[in-house]
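# Summary of structural features
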Amino acid sequence: ILNVEQSPQSLHVQEGDSTNFTCSFPSSNFYALHWYRWETAKSPEALFVMTLNGDEKKKGRISATLNTKEGYSYLYIKGSQPEDSATYLCALVMRFNKFYFGSGTKLNVKP
Amino acid sequence: DSGVTQTPKHLITATGQRVTLRCSPRSGDLSVYWYQQSLDQGLQFLIQYYNGEERAKGNILERFSAQQFPDLHSELNLSSLELGDSALYFCASSASSGGGSHTDTQYFGPGTRLTVL
C-alpha cells in the first residue's frame, strides 16, 4: 500500500488570503497525479492531472505544481473565496492503473 | 451534474445480506471506477472496468465483485455484509480514449450511501 500524505489536514483562512497545501509521496514511479476538489455533500470534482516533473497547471485562481524528484505536489489558491471551501484530494496513479488517494486537506474560507 | 448516475442513493440492510449498487457512466465513457469512502478512511479505489473488461484492481474484498455490461453500465455486488462495509460508494467514469487511462479526467457520480445494521 502506498502512503500518499496531504498536509495540513485542515486549514482556516480569511477571504482574500492566498494559501497552499501539499501532497507528498514516496515514489517517483507513478504514471500521474490527480487533484480533486470535494465539496461537502457533493462528489469529487477533477481539478488537474499532472504527469511530468516540473508540470504546472492553472485553472482560474487555482494552480498546481509537481516535483517528482522530491516527491511532492503543491496546490495554490490565490485570493481565497468562501466558495473555495472544500476538501482537496490528491491521488497517485501507480502501475496497473491503481489509484492511491491522500486523506485530503479541508479548507475553510471565512468571509 | 457530472452525467454519472448511481442508484440507489441510500441503502439500509442487515449484516450477512447481499446488495447491488448500480452505476451508469457519462454517455460515451468506456471506463468505470468504483471507490469506497468509510467514515474513518479516505477514498479507497476498489476496481476499474474498461469496455466490459476488468482493467485495474485496488483494495477490493473477495466478498465484493463488479461487472460492466455491454451497455457500459456497471454493478458492484457486495455480499456477506459486515458492519464495517457501511460507507459511501462512488462510481466514476472516464472516456479512456486509448493509450492508458491514468491521465483521464474522472467524473464522479453522487454516490450510494450504504448502511449495514
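The structure displayed is predicted, hence computed values, not measured ones.

With that settled, the discussion passes to the overall build of chain A. Within chain A, the regular secondary structure consists of zero helices and 11 strands. Taken from N to C terminus, the helices and strands of chain A fall in the order β-β-β-β-β-β-β-β-β-β-β. Taken over the C-alpha trace, chain A has a radius of gyration of 13 Å; the compact-globule value for 111 residues is 13 Å, and the two agree within 12%. When the backbone C-alpha atoms are referred to their principal axes, chain A occupies close to 45 × 30 × 20 Å. Burial status across chain A gives 52% buried among its 111 residues.

A word on the interface of chain A and chain B. The interface is formed by 18 residues belonging to chain A together with 19 residues belonging to chain B. A buried area of about 1500 Å², summed over both sides, lies between chain A and chain B, and 64% of it is on carbon and sulfur atoms. There are zero salt bridges connecting chain A and chain B. There are three residue pairs in polar contact (both at pLDDT 80 or more) connecting chain A and chain B. Breaking the side of chain A that touches chain B down by element, the ones donating at least two residues are β4 (32–38), β5 (45–50), β9 (86–94) and β10 (98–101) of chain A.

We now examine the sheet that holds strand β3 (residues 19–24) of chain A. All names here are of chain A. The strand order β1-β3-β8-β7-β6 describes an open sheet built from five strands, whose pairing is antiparallel. Edge positions in the open sheet fall to β1 (5–7) and β6 (56–59), since each of these has one partner strand only. Recorded for the sheet is a direction-independent mean angle of 15° between the axes of neighbouring strands. The pairing of β1 with β3 spans three bridges and is antiparallel. Bridging across to β3, Ser7 finds its partner in Thr22.

Attention now goes to the packing of aromatic side chains. A full pass over the atoms with the stated rule returns 15 aromatic pairs over all chains. Ring geometry for Tyr74 of chain A and Tyr76 of chain A: centres 6.0 Å apart, planes at 75°, overall edge-to-face. Exposure remark for Tyr74 of chain A: the relative accessible area of 26% places this residue in the partly exposed category. An angle of 80° between the planes, with centres 6.1 Å apart, marks the rings of Phe90 of chain B and Phe108 of chain B as edge-to-face. One end of the pair, Phe90 of chain B, is in strand β9 (residues 87–94); the other, Phe108 of chain B, is in strand β10 (residues 107–108), with 18 residues separating them in the sequence. Judged by its relative accessible area of 0%, Phe90 of chain B is buried. Here the aromatic residues Tyr36, Trp38, Phe99 and Phe101 of chain A together with Tyr33, Tyr35, Phe45, Phe90 and Phe108 of chain B are joined through ring pairs into a cluster of three or more. Sitting over the ring of Tyr107 of chain B, Arg26 of chain B keeps its end group 3.7 Å from the ring centre. Between the NZ or CZ atom of Arg55 of chain B and the centre of the ring of Tyr50 of chain B, over which it lies, the distance is 4.4 Å.

To find leftover empty space, one rolls a probe the size of a water molecule over the atoms. Space inside the largest pocket adds up to approximately 720 Å³. Taken together, 30 residues form the lining of the largest pocket, with Trp38 of chain A together with Gln37, Ser38, Leu88 and Arg113 of chain B sitting closest to its centre. For the lining of the largest pocket, the per-class residue count stands at 10 nonpolar, 14 polar and six charged. Of the pockets and cavities examined, the second largest pocket occupies roughly 350 Å³.

Residues and elements named next belong to chain A. Across all of its chains, the model carries two disulfides over all chains by this definition. Each sulfur in the disulfide pair Cys23 and Cys90 lies 2.0 Å from the other. Measuring handedness by torsion sign, the sulfur bridge of Cys23 and Cys90 sits at about 80° and is right-handed. Within this pair, whereas Cys23 is found in strand β3, its partner Cys90 is found in strand β9, the two being separated by 67 residues in sequence.

Moving on, we get to the pairing of strand β11 (residues 105–110) of chain A. Residue and element names in this part refer to chain A. Side chains Thr105, Leu107 and Val109 project from β11 onto a buried face, and the interleaved Lys106, Asn108 and Lys110 project onto a face without burial. Sheet topology note: the strand β2 (residues 10–14)/β11 ladder contains five bridges and is parallel. The residue bridging His12 from the neighbouring strand is Asn108, located in β11. Alignment of β9 against β11, held across three bridges, turns out to be antiparallel. In the strand pairing of β11, Thr87 is matched with Lys106.

The rules behind these values
- Residues numbered from 1 in each chain as written.
- Chains lettered and ligands numbered in written order.
- Predicted model: local features only at pLDDT ≥ 70, side-chain atom pairs only at ≥ 80, totals over all residues.
- Heavy atoms only, no water.
- Helix = DSSP H or I, 4+ residues; strand = E, 2+ residues; numbered from the N terminus.
- Rg over C-alpha atoms; globule rule 2.2 N^0.38 Å.
- Buried < 20%, exposed > 50% of the residue type's maximum accessible area, 1.4 Å probe, protein only.
- Contact = heavy atoms within 4.5 Å.
- Buried area = accessible area lost by both parts, 1.4 Å probe.
- Salt bridge = Lys/Arg side-chain N within 4 Å of Asp/Glu carboxyl O.
- Polar contact = N/O pair within 3.5 Å; in protein donor to acceptor, adjacent residues only side chain to side chain.
- Pairing = 2+ DSSP bridges.
- Axes fitted to C-alpha atoms, helices over the stretch in contact; angles between N-to-C directions.
- Phe/Tyr/Trp six-rings, centres within 6.5 Å; stacked < 30°, edge-to-face > 60°.
- Lys NZ or Arg CZ within 6 Å of the ring centre and 35° of its normal.
- 1 Å grid on protein atoms, 1.4 Å probe; cavity = no way out; pocket = protein on both sides within 12 Å on 5 of 7 lines; lining within 4 Å.
- Points joined across faces, edges and corners; volume = space filled by probe spheres on them.
- Nonpolar A, V, L, I, M, F, W, Y, C, P; charged D, E, K, R; others polar.
- Disulfide = S-S within 2.5 Å.

Shape is all these values report; function is a separate question.
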